[in-house]
Amino acid sequence: MPGTAHEASVTREDWREIFGHDEPYPEQADGIDAAVSAARDSGFVSLEGACGTGKTMLALTAGVHLTRDPDSSYERVVVLTSVKQQLRQFETDLRTLNGNLPDDYDPVTGMTLVGKADVCPYNIESRAGIDDANVYDRCEGLRDRTRGLADETTAGSLASRARSQQVGLADSGAEQSGQFMEVLGEPTPYPPDTVETDGDVEYCPFYAQYLDDLPEEGDASEAVPFDFSDEGLIERDDLVRLSASHGTCPHSMMGAILGHAEVVIGNYYHAFDPTTVGSFTGELLDESTFVVCDEAHMLEPRVRDLVSERVGDSTLRDAESELARVLQPLTLDGASGERTTAGLSDARELIRAELDESDVTVDELATLREFIRDLRGELADRIESYLDAEHRGWRADPTDLSDAEIPLRDPERPAVDDITEWADEAGYTDAVWSRAETVGAVVGRVLDEAEDEDARRAVPGVGRVLAAWYRTDHTDYFREIELERTNADTDASTGWRGVYNASLAVHNCVPGDAIAERLGEFGGGVLMSATLAPLDVFEEVSGLADLEADGRPVIQREYGLSFPTENRVSFAVDTPKFTYDNRGPPDEENETRRIYANALRAVARSPGNVLVGMPSYAETEWAADVLDAVDKEILIDESSDDDATERLKAEFFRGDGKVLVTSLRGTLTEGVDYRGDRLAAAVVCGVPIVNTASPRTRAVRTAYDREFGGDGGDGSRSGFETALTVPAVRKARQAIGRVIRGPEEVGVRVLLDARYARDSWDSVREYLGPQREEFQPVSPDMLSFGLTQFWDG
C-alpha cells in the first residue's frame, strides 16, 4: 500500500518532513496544525485564506501527513474542487511535494479523475464513429456487448481475436501506415477501429483485455498491467498511454487504481452526485478518507444542483416511446407477431422473464406509459396558459420570449404542488409515483438487452425523477416548470415547443442536510476558500454546524493577505446603492448612473489592464458605453461558450492595457489566473444579488428563513442575508481578489456601493472577511484623488 515506507513515530511537527517547500508561511503552519488536530478527532477545519496563504500545499501536507502516520486510520486524501485552475494547482503542488520528499520516502501516488471522453482511445483519435457527443452511450453499449460475448466465449479470446486481426494485416504485406492504432502517439496492439465477431457483433478489445485481466476474486488493481506505485501523479496522458500500450481500457484502469491512490483529485460531483458515487467513486467515501473541499464557497450552490432533479419534456416523450416498445410484443397476438418493433419481435419471453424476476407487472408498464403521456399533456396545457397570460401574441411574434419559471405552488407558502394535485384528481395513485423508478429500471434493462442501438435510455431517469417528486417534502423542496429559450430564430408556428425546451424540476432549497450527510462519511478534512467568511454562515448552510452538534469538532481559521500593504490600495466608495430602484433601466439617464459612470472612468484610467464587474450581463453594455471616453480598448464579455471566453481572455492579456467589462455571474471573475501584470485594477458595481423575483429564489429565501433564523430579530441572520446577500458579496470579493496574486504585484481594488462603505441596516461591510478594514470608505469625489495618489506615490 502507498506510504508504508515511512514507519517512524509521528509527532505534531513531523509534517515538515513532507512539506513541499523549505519553510511554511506562518499561516500555513498554523493551518496544517489545525487540520491535523481536527482530523485526529474526526473533525473539520473551515478556512478562509487569501491568495498567497498557500492553501493547496497546506491541505495536501496535512492529508498526506495523516496517511503516512502509522498510528492514523487515514489511507487517502480526496480533493474536490469546482474550478479547473484549482485542480491544476493541486496537481502542481503534489508534484512539488513529491519532488522534495526525503530519499527514504515513497512518492505519493496521485490521480486526477476525468471522464470517459477524456480517456477513451477511440474518442481521442476520432475512430469507430465515436466522438464527444456519443462517447458515453457508445462506451456503455460496447461494454455491454463485450461482457455478453465474454459469457459466450472468454474475454481473453476476444482480445486475442483483435490482436490476430492486427497480425493478419501485418502478415498480408499490406501498406502498414495507420494499420496499428496509435493513441497519443503510443502504439496499441489493435486495429484502428472497434472489432466485430463473425456474427457482426461489435465489441471493444480494450475492455475485453481488462475483463480478461480482472481476477474473479480479490482486488481490481491486480488487473493493472503496469506498476503505478512509483509513478507519483498519474496524469491523464500517462494513464492513456500506459493503458493503451498494454491493450487495456484506460477508464477501467482509473477505476482499478482508484482505491490505491494516496491522493485523488476530482470535482464536487465525484462525492455529491448520487449517480457518480453509486457507479464509480463510492469506495472513497468512508472514514479512511481525508477530504479537501476547495473553492468551498461554491459547495452549497453546486450541491443544490446535484441533489435537485429535473426531467425534460423531450425525455418524457422518449420514455413514453420506450415503454410502448416494450409493451408492444406483449399486447400483439402470435398471428401479428411480424408487426412488432424491430429488435423486439422475439423478445416476449425475455420481457416476461425480466418482469417476473423484478415483480413488475404488465399493468404497471401500461399505467406508467399512460401517466407519462397525460403528464406531457398537462405540462403543455400549463405552458400555453402561462404564455397566453404573460405574453399575448407570442405565437405571432415570439422574439421577446426569454427563459422563464412557472411555479407549481406559492414559493413563499409550502404546500402540495399543482402537478401532484392534478395527478391525484386524474386517478394516478401513490403507487404510480413510488413504483416509477423500479418500473423504469426494468424497462431500461429490457431495451439494453433487446436492442442493438447504443443509446442512453430515457425511462430509468424519468422513473427516478417521478419517484423523487413523490418522495420529497413540500417544505424544503420546490417544484416548478422551467422554460429554456431555444434559438432566437425559431418560430412558434408549431406551438411552444418551437421556442422552448421545457422541464419539470424539483429543487432542494436547503442542501445542507445532503452536504452534512456526505461529509459525515469522511474521517475528517478541510473546507477552504479565499472567500468563505462569514464562517458561521458557511458552517450553517454546509451542514458543518450539524456535524459539530453531533460531536464532530469544527475549527475555524481566517487568514488575510500577507503581501506588502504598500503594493495595493482598496476603496469602498459611498456611491448610491446600485439597485434597480436607484439606477433604473440601462437606457435611463439619472444621477445614480452619472456617479457610477464617473467612478468607472476613474478606475479604468489606471495604468494596465482593468476588470469591471457588473451585476448582470444586461449592465455590461451600459458600462462599456460609458467607458468609451477612456483612451483604452474596451472588451465586452457576453454570455457565450468556453471557446469564446478563452479567446476574449487571450485578447485581454495581449498587448497594451485594456478594460474588460464582464458580469459577476460569468466565468472571468472566478478561477482565472491574472498573475503578474495581467491585471492592475478591479472595480465592482453594486452587490450582485440574484433576481429576487424568481420563484426559485423566493422559495430558497423562504426555506432559509425557516431553517436558519427567520427575520434575524434575535441576532440570527434572515433568509435573505444567508441565501442571497452573503453569496453575492462572495462574488464581489472573488472579482476584486483577482488583482493581487503575488508579493511583487501592485494594484487597486474598488467596491462601488454605499452598502460596502457604510454601517447601515442593509450594510454588507461585515461580510468582507478578514480584509474588511483595508477597504477605506471614501466619497465619490475623493476616489480620483485616492487613485492618483496611489499610482503617483
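Residues numbered from 1 in each chain as written. Predicted model: local features only at pLDDT ≥ 70, side-chain atom pairs only at ≥ 80, totals over all residues. Heavy atoms only, no water.

**With respect to the overall build of the chain**
Working step 1: Broken down by element type, the chain carries 30 helices and 23 strands.
Working step 2: In terms of C-alpha radius of gyration, the chain reaches 29 Å, essentially the compact-globule figure of 28 Å for 793 residues.
Working step 3: Expressed as lengths along the three principal axes of its C-alpha atoms, the size of the chain is roughly 90 × 75 × 60 Å.
Working step 4: Sequence separation of 24 or more characterises 76% of the internal contacts of the chain that already satisfy a separation of 6 or more.
Working step 5: When the accessible surface of the chain is summed, it comes to about 33,900 Å², and 44% of that surface belongs to carbon and sulfur atoms.
Working step 6: Positive and negative side-chain charges in the chain, numbering 77 and 155 respectively, have mean positions lying 5 Å apart. (Helix = DSSP H or I, 4+ residues; strand = E, 2+ residues; numbered from the N terminus. Rg over C-alpha atoms; globule rule 2.2 N^0.38 Å. Contact = heavy atoms within 4.5 Å. Areas by Shrake-Rupley, 256 points an atom, 1.4 Å probe, with all protein chains shown as cover. Lys, Arg positive; Asp, Glu negative; His and termini not counted. Charge placed at Lys NZ, Arg CZ, Asp CG, Glu CD.)

**Thoughts on helix α8 (residues 205–213)**
Working step 1: The buried count for α8 comes to seven of nine residues, which makes it a mostly enclosed element.
Working step 2: Listed in full, the buried residues belonging to α8 are Pro205, Phe206, Tyr207, Ala208, Gln209, Tyr210 and Leu211. (Buried < 20%, exposed > 50% of the residue type's maximum accessible area, 1.4 Å probe, protein only.)

**Here we look at the sheet that holds strand β21 (residues 681–685)**
Working step 1: Pairing is parallel across the open sheet formed by seven strands, whose spatial order is β19-β20-β18-β21-β22-β17-β23. Bordering the open sheet on either side are β19 (633–636) and β23 (775–778), each of which pairs with just one other strand. Strand after strand, the sheet turns through a mean of 20° between neighbouring axes, direction not considered.
Working step 2: Of the pairings in the sheet, the one linking β19 to strand β20 (residues 658–663) comprises four bridges and is parallel in character. Pairing of isoleucine 636 across the sheet is with valine 661, part of β20.
Working step 3: Of the strands in this sheet, β18 (610–614), β20, β21 and β22 (747–752) are in contact with helix α24 (residues 591–604), which crosses β21 at around 165°. (Pairing = 2+ DSSP bridges. Axes fitted to C-alpha atoms, helices over the stretch in contact; angles between N-to-C directions.)

**Side note on the environment of threonine 248**
Working step 1: Turning to its location among the elements, threonine 248 is positioned in the loop between α9 (236–245) and α10 (250–258).
Working step 2: Sequence-wise, threonine 248 and alanine 223 are 25 residues apart; in three dimensions their C-alpha atoms are separated by 9.1 Å.
Working step 3: Each residue touching threonine 248, except ones within four places of it in the same chain, is listed here: Phe206, Gln209, Tyr210, Pro225, Ser243 and Met253.

**What about the side chain of aspartate 637?**
Working step 1: The residue aspartate 637 is located in the loop between β19 and α26 (642–653) in this model.
Working step 2: Buried within the structure, aspartate 637 lacks any salt-bridge partner; arginine 647 is the closest side chain of opposite charge, at an N-O distance of 10 Å.
Working step 3: When residues no more than four places from it in sequence are discounted, the contact partners of aspartate 637 are Tyr617, Thr620, Thr645, Leu648, Leu660, Val661, Thr662 and Leu668. (Salt bridge = Lys/Arg side-chain N within 4 Å of Asp/Glu carboxyl O.)

**So, the confidence of the model for the chain**
Working step 1: Mean pLDDT over the chain: 90, with 93% of residues reaching 70 or higher.
Working step 2: Note that residues 1–12 has pLDDT below 50 and, in this model, 19 contacts with residues that lie over four places away or in other chains.
Working step 3: Every residue in residues 169–178 is under pLDDT 50, and counting partners more than four places away or in other chains gives five contacts. (pLDDT = per-residue confidence, 0-100.)

**Structural notes on the pattern of salt bridges**
Working step 1: Following the criterion strictly, the structure yields 50 salt bridges and no others.
Working step 2: Its salt-bridge partner being aspartate 30, residue arginine 557 comes within 2.7 Å of it at the nearest N-O pair. On the criterion of sequence distance, the pair formed by arginine 557 in strand β16 (residues 554–559) and aspartate 30 in helix α1 (residues 26–40) is long-range, its members being 527 residues apart.
Working step 3: Linking aspartate 574 and arginine 758 is a salt bridge whose minimum nitrogen-to-oxygen distance equals 2.9 Å. Of the two residues, aspartate 574 is situated in the loop between β17 (568–573) and α23 (580–583) and arginine 758 in the loop between α29 (754–757) and β23; the sequence distance between them amounts to 184 residues.
Working step 4: On the accessibility criterion, aspartate 574 (25% relative accessible area) is partly exposed.

**Overview of unusual backbone geometry**
Working step 1: With omega at -5°, the peptide bond leading from alanine 533 into proline 534 counts as cis.
Working step 2: Here proline 534 lies in the loop between β15 (524–529) and α21 (535–541).
Working step 3: Even without being a glycine, serine 42 presents a positive backbone phi close to 60°.
Working step 4: Among the structural elements, serine 42 can be located in the loop between α1 and β1 (44–49).
Working step 5: Despite not being glycine, aspartate 359 shows a phi value in the positive range, around 60°.
Working step 6: Mapping aspartate 359 onto the fold places it in the loop between α15 (348–358) and α16 (362–390).

**A short note on the sheet that holds strand β14 (residues 500–508)**
Picture the strands of a sheet paired through backbone hydrogen bonds; they go either parallel or antiparallel.
Working step 1: Pairing is antiparallel across the open sheet formed by four strands, whose spatial order is β11-β14-β13-β12. Edge positions in the sheet fall to β11 (309–312) and β12 (404–407), since each has one partner strand and no second. Sheet twist, expressed as the average angle between the axes of neighbouring strands with direction ignored, equals 25°.
Working step 2: Note that strand β13 (residues 477–485) and β14 share nine bridges and pair antiparallel.

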